[in-house]
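# What the coordinates show
Below are the chains, spelled out letter by letter.
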Amino acid sequence: MKLRLLFTLFLLGLLAFNQSCQKKPALNLVPQPLSVTTTSGYFTLTADTRVFVPNGMDDWAMAARYLAALVEQGAGFRLVSQSIQQDMRGPTENAIYFLPESSIASAEGYQLEITPTAIYIRARTAAGAFYAVQTLRQIFPPGINAASAAWQALCCKIDDAPRFSYRGLHLDVGRHYFPVSFVKKYIDLLAAHKLNTFHWHLTEDQGWRIEIKKHPRLQEVAACRSETLVGHYSDQPQRFDGKPYCGYYTQEEVKEVVEYARQRFVTVIPEIEMPGHALAALSAYPELGCTGGPYQAATKWGVFEDVFCAGNEKTFVFLDEVLEEVCALFPSTYIHIGGDECPKTRWQTCPKCQKRMKQEGLKDEHELQSYFIRRAEAMLARRDKKLIGWDEILEGGLAPSATVMSWRGTEGGIAAAKAGHDAIMTPTSHVYLDYYQSDPNTEPVAIGGHLTLEKVYSYEPVPAELSPEEAVRILGVQANVWTEYMKTPDYVEYMTYPRACAVAEIAWSAKEKKDWPDFARRLRAHFARLDAMGVNYAKSYFDISTSFSGGKVALSAIDPVLQIRYTTDGSEPTPTSKRYKEPFAIAQNTTVKAAVFEGKKQMGKVRTVAYLVHKASGKPYTLARIPDKYDGGEQYALTNGVTGDIKTWGNWVGLVNRDIDPVIDLGKPTSFSRVTTHFVNSKVSWIYPPRGVEIYVSDDGQQFRLLASREIPAETMEGITVETVVLDTPGAQGRYLKFVAKTFGVIPENAAGAGNGAWLFIDEVIVE
Ligand code: ACM
Ligand code: ZN
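Predicted model only: the values in this text are computed from it and were never measured.

## Let's talk about the packing of aromatic side chains
Following the criterion strictly, the structure yields 44 aromatic pairs and no others. Arranged with centres 6.0 Å apart and planes meeting at 45°, the rings of Phe308 and Phe318 form a pair that is tilted. Taken together, the positions of Phe308 in the loop between α7 (279-284) and α8 (313-329) and Phe318 in helix α8 put the pair ten residues apart, joining distant regions of the chain. You'll find Phe308 and Phe318 in the same group, each marked buried. Centre to centre, the rings of Phe527 and Tyr541 are 5.1 Å apart; their planes meet at 85°, and the pair counts as edge-to-face. Taken together, the residues span a long stretch of sequence, with Phe527 in helix α18 (residues 516-532) and Tyr541 in the loop between α18 and β22 (545-549) at a distance of 14 residues. Across the pair, exposure class does not vary: Phe527 and Tyr541 are buried alike.

Below, the structure is given as structure tokens:
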């Protein structure tokens, strides 16, 4: 007994010795500050710690109260707060000072100094002080409570400032409504990551969610849809739940949310969609549509042709009255008026719209949209507000002082900045958090796409095309959370975090500070904070990525410390399965199953990939245009031995209005007799068959001979289907194979997405 005690003490001693010899503990802050220097010792927060705030500065007191509330929640004691004159120093023992410091350059920047006896928070504004509090919160242990360890903060000195002034996160409450309690939590989390703008997408085809007193039918009618699509849009046949779905925020609730956000230095930008995405409003006021209705709030997702009539003066009276109430509710300078995805079909045949175009000398319906947006801008300007719109507001001419939210890509932001307008970057390719973050086969249903944490992190918001003078027009970056498939707060959190942590770092941290492996390491520590905040974040951090190139399958995990174990016989991986060390060759069709383990514990999901081995699988290729949004999940997705799946939308390579034309290097002269591919036909989702496919071969990669071609009757294909094309190429030989799937081009009139470029989706070029 005694001996065992002695031995235990000896072990403990060893442990302590070890710890003291280890290098200083890392702070693992997210987002990464400009500069961090840790020193020795700790500040210990106790019930006696006094907080000094500058006299008569309410917003500083607000930042201090936020800290006190965090401490009270976590530790169960109340910090005593005292006012001091700005130039006065109080007692220096066991105190936290909030000190205005006019020499700090950045309005939201701060200095945080933690010593064993006091904590000094210096900032030019209260917002900076608030961000210092958020950093301090990360330095204290996460989720600490009175019963556990002490509130200790490692001594350090931090200098910090944001890279961008606009750091946003959006939430669509139109497709699904979320209670005020969740909206507040969403804002709290956003502020915890030093984001400063909440873009509240309040109106949609599927529901109008903000009370407008002047127009009660918006509450009585437009806040409800009769039922909701069940499962994925592409499921055939589509099914509906048969249950009415309603919800809106009263003006009192809106005020409560705005005030809650203000106390967290978050600006709430409301979005009132016009002229498109307006079906719910039209269901309440059908006279505002071109046909007069009747209309129903949408029960499924998409882009709908019934939009606000731009010829009817009543539309503008209605919107002016709506904006009157909206502008009074939101102190934000910016109001978002949507402007995206507005089909022009109704306008083309509406006598009122056509008359308006004549009267105003507008040459087409794009100019009519531009006219619409300019009128909205004038309504806002009268109320000292500024307009933000999605990048379609560029079409037909930009309203004079509009700020553009670039979502379809970066082109809108580039065009706006070059024209001397401000822009906010929110491209689908990098910050659409409704896209799959991991293998769609193991994820809950999402809208599609493929956007890993690493890809989000890789985003650089300032396009290389801009000169330094133009680049200052990029106000910042925002991630969007569209909730078609997110019915619950838990699911919203799952899709938003941890990818929003990466967004926070893109938006806040200096460009030179960006470091993916370091972020990944810090994020693993940050998970404990998300746990403590009760966030249902995704664990795809612990999932496996795969690639098949150079004839070998490579497996990878984000955290290099963890082990990857895998099987090739179809069995589930276990802690004793083969440990992955390097890429391995597969010679025939093989199912690989892999997972990440920490010791015996499986950390993420099992990744299952069924490889089809053929003459081009694992071979590299070049493409005239690299896909960004639908990249098939890896660099050589068209030859990765994996076919596409329409249920999950995984593994498709997609381009808009461009041919998909890989030139595959087979590595050596190779004979082949058949080439097969699949494409998607889903015109409702703007995905069209190719006009045709062509196969060429070459010995040198320069001179190509046409081997075979096939036209495809794209117009007549119906429904949502995956189609197969097989081209026989008897006796063909060559080292380079060029496969061309020709784009359908522009979507014709009277079809969903008319006038836009059609998507082309191909999964694999199978060569036999
Ligand atoms: C958008 O995603 N329609 C802005
Ligand atoms: Zn009209």
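## Regarding the sheet that holds strand β26 (residues 584-585)
What holds strands together in a sheet is hydrogen bonding between their backbones, with the strands either parallel or antiparallel. The three strands lie next to each other as β22-β23-β26, forming an open sheet whose pairing is antiparallel. In this open sheet, the two strands that pair with only one neighbour each are β22 and β26. The pairing of strand β23 (residues 552-556) with β26 spans two bridges and is antiparallel. Paired with Val553 across the bridge in β26 is Phe584.

## Considerations on the pattern of salt bridges
By the definition in use, this model includes 40 salt bridges. Across the salt bridge formed by Arg78 and Glu72, the nearest N and O atoms sit 3.6 Å from each other. The class of Arg78 is exposed, set by a relative accessible area of 61%. Put simply, Glu460 and Arg163 hold a salt bridge, and the shortest N to O gap is 2.9 Å.

## A word on the nonpolar core
For soluble globular proteins, the rule of thumb is that nonpolar side chains tend to be buried together. Counting 196 residues, the largest nonpolar core has Phe98 and Trp200 as its most contacted members. Apart from residues no more than four positions distant in its own chain, Trp200 is found in contact with Leu171, Val173, Val183, Tyr249, Val254, Val257, Val268, Ile269, Pro270, Glu271 and Phe330. With 30 residues, the next largest nonpolar core counts Ile660, Phe679, Val693 and Val767 among its residues.

## Description of the sheet that holds strand β1 (residues 35-45)
Reading across the sheet, the seven strands line up as β1-β7-β5-β6-β4-β2-β3 and stay open at both edges, with mixed pairing between neighbours. Lying at the two open borders of the sheet, with one neighbouring strand each, are β1 and β3 (80-84). Across the sheet, the mean angle from the axis of one strand to that of its neighbour is 20°, orientation sign disregarded. Its contacts with the sheet put helix α2 (residues 58-75) on β1, β2 (50-54), β4 (95-100), β6 (118-123) and β7 (151-160), and the angle it makes with β4 is roughly 155°.

## Let's talk about the pairing of strand β35 (residues 705-711)
Direction of pairing for strand β34 (residues 692-698) relative to β35: antiparallel, over a ladder of six bridges. Bridged to Tyr696 within β35 is Leu706. What sits between β34 and β35 in their antiparallel hairpin is a turn of six residues, with Gly701 showing a positive phi close to 80°.

## As for the packing of helix α10 (residues 351-360) against helix α11 (residues 365-381)
A pair of packed helices is captured by two measures, namely the crossing angle of their axes and the spacing between those axes. For the pair α10 and α11, interaxial distance at closest approach is 10 Å and the crossing angle is 80°. Relative to α11, the element α10 is oriented roughly perpendicular. The residues of α11 that touch α10, namely those facing Cys353, Gln354, Arg356, Met357 and Glu360, are Glu365, Leu368, Tyr371 and Arg375. Its residues assigned to classes, the contact of α10 with α11 comprises four nonpolar, one polar and four charged.

## Quick notes on the state of the cysteines
Taken as a whole, this structure holds one disulfide when the rule is applied. Cys290 supplies the cysteine sulfur nearest to Cys342, a cysteine that is in no disulfide, at a spacing of 9.0 Å. Cys342 gets classed as buried once you look at its relative accessible area, which sits at 7%.

## Focus on the environment of Tyr177
With respect to the helices and strands, Tyr177 occurs in the loop between β8 (166-172) and α4 (180-192). Along the sequence, Tyr177 and Pro690 sit 513 residues apart, while their C-alpha atoms lie 38 Å from each other. Those residues in contact with Tyr177, other than ones at most four positions away along the chain, are Arg209, Tyr245, Gly247, Tyr248 and Tyr249.

## A short note on the confidence of the model for the protein
The predicted coordinates of low-pLDDT regions are not to be read in fine detail. In this model, the protein carries an average pLDDT of 93, and 95% of its residues clear a pLDDT of 70 or more. At the low end of the mean pLDDT range in the protein sits helix α1 (residues 2-21), at 40; at the high end sits strand β9 (residues 197-201), at 99. Contacts of residues 1-22 to residues separated by more than four positions or lying in other chains number zero contacts, the stretch itself having pLDDT below 50.

What counts, and at which threshold
- Residues numbered from 1 in each chain as written.
- Chains lettered and ligands numbered in written order.
- Predicted model: local features only at pLDDT ≥ 70, side-chain atom pairs only at ≥ 80, totals over all residues.
- Heavy atoms only, no water.
- Phe/Tyr/Trp six-rings, centres within 6.5 Å; stacked < 30°, edge-to-face > 60°.
- Helix = DSSP H or I, 4+ residues; strand = E, 2+ residues; numbered from the N terminus.
- Buried < 20%, exposed > 50% of the residue type's maximum accessible area, 1.4 Å probe, protein only.
- Pairing = 2+ DSSP bridges.
- Salt bridge = Lys/Arg side-chain N within 4 Å of Asp/Glu carboxyl O.
- Core = buried A, V, L, I, M, F, W, Y, C linked by side-chain atoms within 4.5 Å.
- Contact = heavy atoms within 4.5 Å.
- Axes fitted to C-alpha atoms, helices over the stretch in contact; angles between N-to-C directions.
- Parallel < 35°, antiparallel > 145°, perpendicular 65-115°, else oblique.
- Nonpolar A, V, L, I, M, F, W, Y, C, P; charged D, E, K, R; others polar.
- Disulfide = S-S within 2.5 Å.
- pLDDT = per-residue confidence, 0-100.

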